[in-house]
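Listed below, chain by chain, are the residues.
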Amino acid sequence: IFGGKEINKMFGLKKDIHYIIVVGCGFLGAYLAGKLSEEEYSVTVIDKDKSSFNKLPTYFGGYVLNRDVNDAGALLEAGVQKAYVVIAVTGNDVLNMFVSEVAKDIYHVEHVFASLYDQKRTDVYQALGIKTLCSSDLWLDAFKKEVIL
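Parameters at a glance
- Residues numbered from 1 in each chain as written.
- Predicted model: local features only at pLDDT ≥ 70, side-chain atom pairs only at ≥ 80, totals over all residues.
- Heavy atoms only, no water.
- Salt bridge = Lys/Arg side-chain N within 4 Å of Asp/Glu carboxyl O.
- Helix = DSSP H or I, 4+ residues; strand = E, 2+ residues; numbered from the N terminus.
- Buried < 20%, exposed > 50% of the residue type's maximum accessible area, 1.4 Å probe, protein only.
- Expected span 1.5 Å × (residues − 1).
- Contact = heavy atoms within 4.5 Å.
- Polar contact = N/O pair within 3.5 Å; in protein donor to acceptor, adjacent residues only side chain to side chain.
- pLDDT = per-residue confidence, 0-100.

1. Some words on the pattern of salt bridges
Next, step 1: One pass over the structure, following the stated rule, counts four salt bridges.
Next, step 2: Put simply, Glu38 and Lys35 hold a salt bridge, and the shortest N to O gap is 3.5 Å. Of this pair, Glu38 and Lys35 both sit in helix 2 (residues 27-38), separated by three residues, roughly a single helical turn.
Next, step 3: Residue Lys35 is classed as partly exposed on the basis of its relative accessible area of 31%.

2. Details of helix 4 (residues 93-106)
Next, step 1: Compared with the 20 Å implied by 1.5 Å per residue over 14 residues, the 19 Å span of helix 4 between its first and last C-alpha is a close match.
Next, step 2: Buried within helix 4 we find Asp93, Leu95, Asn96, Met97, Val99, Ser100, Val102 and Ala103.
Next, step 3: Along its buried surface, helix 4 packs onto strand 1 (16-23), helix 3 (73-78), strand 4 (83-88), strand 5 (111-116) and helix 5 (122-127).
Next, step 4: Regarding helix 4, its N-cap is Asn92, as a side-chain oxygen of that residue lies 2.9 Å from the backbone nitrogen of Val94 further along.
Next, step 5: Looking one or two residues past helix 4, His108 carries a phi angle of roughly 55°, positive in sign.

3. So, the confidence of the model for the protein
Next, step 1: Predicted confidence across the protein gives a mean pLDDT of 85, with 86% of residues reaching 70 or more.
Next, step 2: Across residues 1-10, confidence stays below pLDDT 50; counting only partners more than four residues off in sequence or on other chains, it has five contacts.

4. Some thoughts on unusual backbone geometry
Next, step 1: Backbone geometry places Glu40, a non-glycine residue, at a positive phi of 70°.
Next, step 2: By the element assignment, Glu40 lies in the loop between helix 2 and strand 2 (42-47).
Next, step 3: Note on Glu40: relative accessible area 67%, which makes it exposed.
Next, step 4: A positive phi angle, near 55°, is found at His108, a position not held by glycine.
Next, step 5: For His108, the location among the structural elements is in the loop between helix 4 and strand 5.
Next, step 6: Its relative accessible area of 56% is what places His108 among the exposed residues.

The structure is reproduced here in structure tokens:
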């Protein structure tokens, strides 16, 4: 009765390659959301602290959702089922892992990235197939490029 395209639309299975969800609106989340919005991606930022949205640049053209992502319903409200990318950059590694796992394994988001503060958790994230960025690793890499160890 229905073609594949209609069924995908009906059940929210079609991914929008221009739709990105950023979880956490600290300085990093606000910066990423602003830059991605500037590059004409459709961006939704989720944060439980309403005042954190003040960090977004004035040119931010996306959406904000004032919700706590400990409640997985927040991701649904943000439209995770159509997201092509989810970036978890809260200040909490465990919360970043939770958000990443839900996005990746339940909603089949193709590209999931998480900020990682405690380097000891790198192996866990890698085992789960979550791409991470650890600031201490970035600092070390930058240092090595400048000063040969």
